[in-house]
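Tertiary structure, described
What follows is the residue order along each chain.
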Amino acid sequence: MTMLIRGGTLVSTDRTFIADILIDGGKIIAIDESDGSEIRNPDTGRRRTPPEVETIDASGKLIFPGGVDPHVHLDLPMFDTVSSDDHYSGTKAAAFGGTTTVLDFVSFDHPTLGESVEAWHQKAEKAAVDYSAHMNLTRFNEKIAAEIPYLLEMGISTLKVFTAYNGRLRLEDGNIFKALRVARENGMLVMLHAENGDVIDILVAEALAAGHTSPEWHAKTRPAWGAVESALRAFALAATADAPLYLVHMNTAGEVDMLKYGRERGLKVMGETCPQYLFFTEDDLRRPDGAKWICSPPMRSAADNARLSEGVADGTIQTIGTDHCPFFQDGTQPILYEGKMIAIPGKELGKDDFTKIPNGLPGVEDRLPVLWTSGVGSGKLTANQFVALTSTNPARIFGLYPRKGALLPGSDADIVIWDPHRKARHGVAQSHQRTDYNLYEGWELCGMPEKVFLRGQLIVDGDKWLGKAGMGEFLPRMPGAPVL
Ligand code: DUC
Ligand code: ZN
Ligand code: ZN
């Protein structure tokens, strides 16, 4: 079906301009910047005017490419429970927040990488927006190394490694170095979770032995210096392997300093932060409901928030993802979700022991509205930077551009019509994330999606959900994506 979005103000990474967008077959087929009253038929070159096509008036509204969240965890088993958004509920929430592509993670919990990817596909196929995944490389030997290039045949071009979670997810430095070399040879990108696993294990054991069980000890036992040193350590490994490296969920000022240091020396290093690390601190963990803020890496200080915001604004940091991995605050109390009562064990599991609190937060839906209000609304970011950080840069870094992250002829018609003046008090009652709390409860937001299209199909219209489970497509990704 052909459709025309007329008179909106398009925002790309470097331009803001009024244009009409012609959509057909799920793709953008023309962008017309003339006077907004006519549009050329791309086949005949002749001008054609509505009502030949279904027309949506977007005058006075902004138009963004659909958001790309480079970092979500859907249906992730953790401790004795599972993250409370699955691939349907999490992607529905994403859509309500203006995000039409999510990148999840494949757990390496089958004998081979290939079998792990297959198992993930079974869970992910109910996604309501487009999706792909990074491979968690949490074991390593020569056989696994030899299998890595075959991930590309499955459309997976990124590997996540960890310097923490000893005995579970962590790779030794030598294996990270080898993985970086395999990645470089195959045009793949390695992503790093930077914390110091050895130090964490010692501090956790000491804290528990001393009877410290409250949520703030989660942060106290995962020191910021661990993130700083392991980021620099991995940058050094990447430099030696001549490989690109992407630092996920940056939460400390020191990581911003290390990223700047590496980039100034020509290393192929990039970074991501998440909204929660811009606004919240260890003080939030000391609240009576502090478990809500438990995630890894943890919240830090106001100075860290400020340095991260500075790194976002000055281009040291390339993307803003969410690390969306929600759990109920109180999973003994059901909530109403799509007409059914649902309860999933959550943060209450750790009420007597911070090490048993499931790690993770909701955020996939909040990302764009919260960042728009706090970043663009306050003048710290331009609308163009906002689009770069939340859509175009992740699409480019993860091999999805220009299919995603762009408003260009040939791109998927993933389009957000954004009302920069719409105000709302945000909170769990407004949210579609399948959990019982929202981190931004009571925040006054200004600017949010009005309509969201996935490949030309209207899936969110104001408060109405028009999407459905399974309409998301898996996005195979190509090797050789650029380093920004
Ligand atoms: N951190 C979390 O808090 N949850 C899921 C995975 C991660 O890295
Ligand atoms: Zn991580
Ligand atoms: Zn994560």
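Residues numbered from 1 in each chain as written. Chains lettered and ligands numbered in written order. Predicted model: local features only at pLDDT ≥ 70, side-chain atom pairs only at ≥ 80, totals over all residues. Heavy atoms only, no water.

Right, let's talk about the coordination of the zinc ion (ligand 2) for a bit. At 2.1 to 2.2 Å from the zinc ion (ligand 2) lie its protein donor atoms, namely Lys160 (NZ), His193 (ND1) and His249 (NE2). Between the four donor atoms coordinating the zinc ion (ligand 2), the angles at the centre fall across 87 to 130°, so the site counts as tetrahedral. If you look at the zinc ion (ligand 2) and the zinc ion (ligand 3), they sit 3.7 Å from each other. Of the two residues, lysine 160 is situated in strand β13 (residues 158–162) and histidine 249 in strand β15 (residues 245–250); the sequence distance between them amounts to 89 residues. (Donors = N, O, S within 2.8 Å, 3.2 Å for Na, K, Ca; no water. Tetrahedral: all angles 85-135°; square planar, octahedral: opposite > 155°, others 65-115°. Helix = DSSP H or I, 4+ residues; strand = E, 2+ residues; numbered from the N terminus.)

Another point: the side chain of threonine 158. By the element assignment, threonine 158 lies in strand β13. Among the polar contacts listed, one links the side chain of threonine 158 to the side chain of arginine 477, at a separation of 2.7 Å. (Polar contact = N/O pair within 3.5 Å; in protein donor to acceptor, adjacent residues only side chain to side chain.)

So, about the domain arrangement of the protein chain. A common way to report how large an interface is uses the accessible area buried once the components associate. In terms of domains, the protein chain is made up of domain 1 (3–64 + 407–465) and domain 2 (66–389). On a C-alpha basis, the centres of domain 1 and domain 2 stand 29 Å from each other. The partner domain 2 presents 52 residues to the 42 residues of domain 1 that form the contact. The interface formed by domain 1 and domain 2 includes two salt bridges. (Domains from an automatic or database assignment. Contact = heavy atoms within 4.5 Å. Salt bridge = Lys/Arg side-chain N within 4 Å of Asp/Glu carboxyl O.)

Moving on, we come to the site of ligand 1. Around ligand 1, the surrounding shell consists of His73, Met78, Lys160, His193, His249, Cys295, Ser296, Asp323, Cys325, Asn359 and Gly360. Between ligand 1 and asparagine 359, the relevant distance is 2.9 Å, taken from a nitrogen atom to a main-chain nitrogen or oxygen of the residue. Look at ligand 1: alone it shows 240 Å² of surface, and the protein chains cover 94% of it. The pocket occupied by ligand 1, as judged from atoms lying within 2 Å of grid points, is the largest pocket. Each residue belonging to the shell around ligand 1 can be placed in one class, and the counts come to three nonpolar, six polar and two charged. (Near = heavy atom within 4 Å. Areas by Shrake-Rupley, 256 points an atom, 1.4 Å probe, with all protein chains shown as cover. 1 Å grid on protein atoms, 1.4 Å probe; cavity = no way out; pocket = protein on both sides within 12 Å on 5 of 7 lines; lining within 4 Å. Sits in = over half its atoms within 2 Å of the grid points. Nonpolar A, V, L, I, M, F, W, Y, C, P; charged D, E, K, R; others polar.)

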